[in-house]
Amino acid sequence: MSLAEPALDRIEQGARDATRQAAPWIEKLARFGYAAHGIVYIVIGILAVQAARGDGEATDSGGALRSIVSQPFGRLLIALVAVGLIGYVIWRFVAAGLNPENDKPAKRAATAVSGLIHAALAVEAVRLAMGGSGAGEGDQASHWTAEVMSRPFGRWLIALVGLVIAGFGLQQLRHAYRVKLDDQLSIGSLSAESRRWVVRAGRAGLAARGVVFAIMGGFLLLAALRTSPGEARGVGGALRSLREQPSGPWLLGIVALGLI
């Protein structure tokens, strides 16, 4: 054992103790964060349903935030969502750093990446709450893809990211079919019929997210293969691509309901 290991153990234990003392506040922030996260998905789904009906356009998380701020009392609503997203980010980093659920390293890394992604979304929400304007989704996706591809081995990195995102999407589809959701939810007080509908809704949500992420990963792979950053698409682009397929409005409508 190296001399550094006991010191690292003490630092980790100190962090755990501090987190335990702050646990009530962290738990409240985390729950608020999950609620804000859910609101964003619901808005994305509602906008996608409208797009499936030919009334409007599917969008991403940033577009959902801009839709919220355009409503009556929008800046107050988006400020609450921003606080919730900040809470969600804190929980993601706590979960990745202290590993309270004994996750494997790969899942901890994915949790940290989720924290970074939602941190950017929280910044966007704060900017909108302060009266600023957000950036368009398509510009962001192509901009960051072009930025990475301009670096050494950038194409390979984009291809790797595309594979990871597509793999995550396929994993979500697998979970939608195989995971025992009723073991992961506190639904014992519900009636048998209500429990069945809760589990069905959860599986639909996992499947919908799996479809969206698989499409996003596929477009990133296409961008890398063609050296074309403009091929990259975010959530909104993935949803719009569904609408462009045969029976597209029906496909988009089904995935939109799943996201909700």
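Residues numbered from 1 in each chain as written. Predicted model: local features only at pLDDT ≥ 70, side-chain atom pairs only at ≥ 80, totals over all residues. Heavy atoms only, no water.

## Focus on the overall build of the chain
Basically, it comes down to this: Helix and strand labels come from DSSP, where a helix needs a run of H or I of at least four residues and a strand needs a run of E of at least two; each type is numbered from the N terminus. Only protein chains enter the accessibility calculation, which uses a 1.4 Å probe. A residue is then buried if its area is under 20% of the maximum for its type, exposed if over 50%, and partly exposed in between. Note on contacts: a residue pair qualifies if any of its non-hydrogen atoms lie within 4.5 Å across the two residues. Here the Shrake-Rupley method, with its probe set to 1.4 Å, supplies the accessible areas, and only the displayed protein chains count as covering residues.
Assigned secondary structure in the chain consists of 10 helices and zero strands. The N-to-C order of helical and strand elements in the chain reads α-α-α-α-α-α-α-α-α-α. In the chain, which comprises 260 residues, the proportion classed as buried is 35%. Considering only contacts in the chain between residues 6 or more positions apart, those separated by 24 or more positions represent 66%. Summing over all exposed atoms, the chain offers an accessible surface of approximately 15400 Å²; the carbon and sulfur share of this is 64%.

## Overview of helix α10 (residues 248-259)
Stated formally: Between the first and last residue of a helix there are one fewer steps than residues, each counted as 1.5 Å, and that sum is the expected span.
For α10, with 12 residues, the first-to-last C-alpha span of 16 Å sits near the 16 Å given by 1.5 Å per residue. For α10, every residue scored as buried is listed here: G248, L252, G253, V255, A256, G258 and L259.

## A closer look at the packing of aromatic side chains
For clarity, the threshold we go by: Under the pairing criterion, centres of Phe, Tyr and Trp rings, with the six-membered ring standing for Trp, must be within 6.5 Å; the plane angle then separates stacked pairs below 30 degrees from edge-to-face pairs above 60, leaving the rest tilted.
One pass over the structure, following the stated rule, counts two aromatic pairs. Arranged with centres 5.3 Å apart and planes meeting at 85 degrees, the rings of Y34 and Y88 form a pair that is edge-to-face. Of this pair, Y34 sits in helix α2 (residues 23-52) while Y88 is found in helix α4 (residues 74-98), placing the two residues 54 residues apart along the sequence. Of the residues examined, Y34 reaches a relative accessible area of 42% and is grouped as partly exposed. The exposure class of Y88 is buried, given its relative accessible area of 5%. With a centroid separation of 5.1 Å and an interplanar angle of 70 degrees, the aromatic rings of F168 and F213 are classed as edge-to-face. Here F213 lies in helix α8 (residues 192-226) and F168 lies in helix α7 (residues 154-178), a separation of 45 residues in the sequence.

## Considering unusual backbone geometry
Trans peptide bonds make up the majority, and among non-glycine residues the majority have a negative phi. Unusually for a residue other than glycine, F73 sits at a positive phi of about 60 degrees. Turning to its location among the elements, F73 is positioned in the loop between α3 (61-69) and α4. The exposed category is assigned to F73, whose relative accessible area is 70%. Backbone geometry places F153, a non-glycine residue, at a positive phi of 60 degrees. As for its placement among the helices and strands, F153 is situated in the loop between α6 (137-149) and α7. With a relative accessible area of 68%, F153 lands in the exposed category.

## As for the side chain of T59
Positionally, T59 belongs in the loop between α2 and α3. Residue T59 is classed as buried on the basis of its relative accessible area, which comes to 12%. Once residues within four sequence positions are removed from consideration, T59 is found in contact with I44, L47, A64, V235, G236, L239 and R240.

All we've got here are geometric facts, nothing functional implied.
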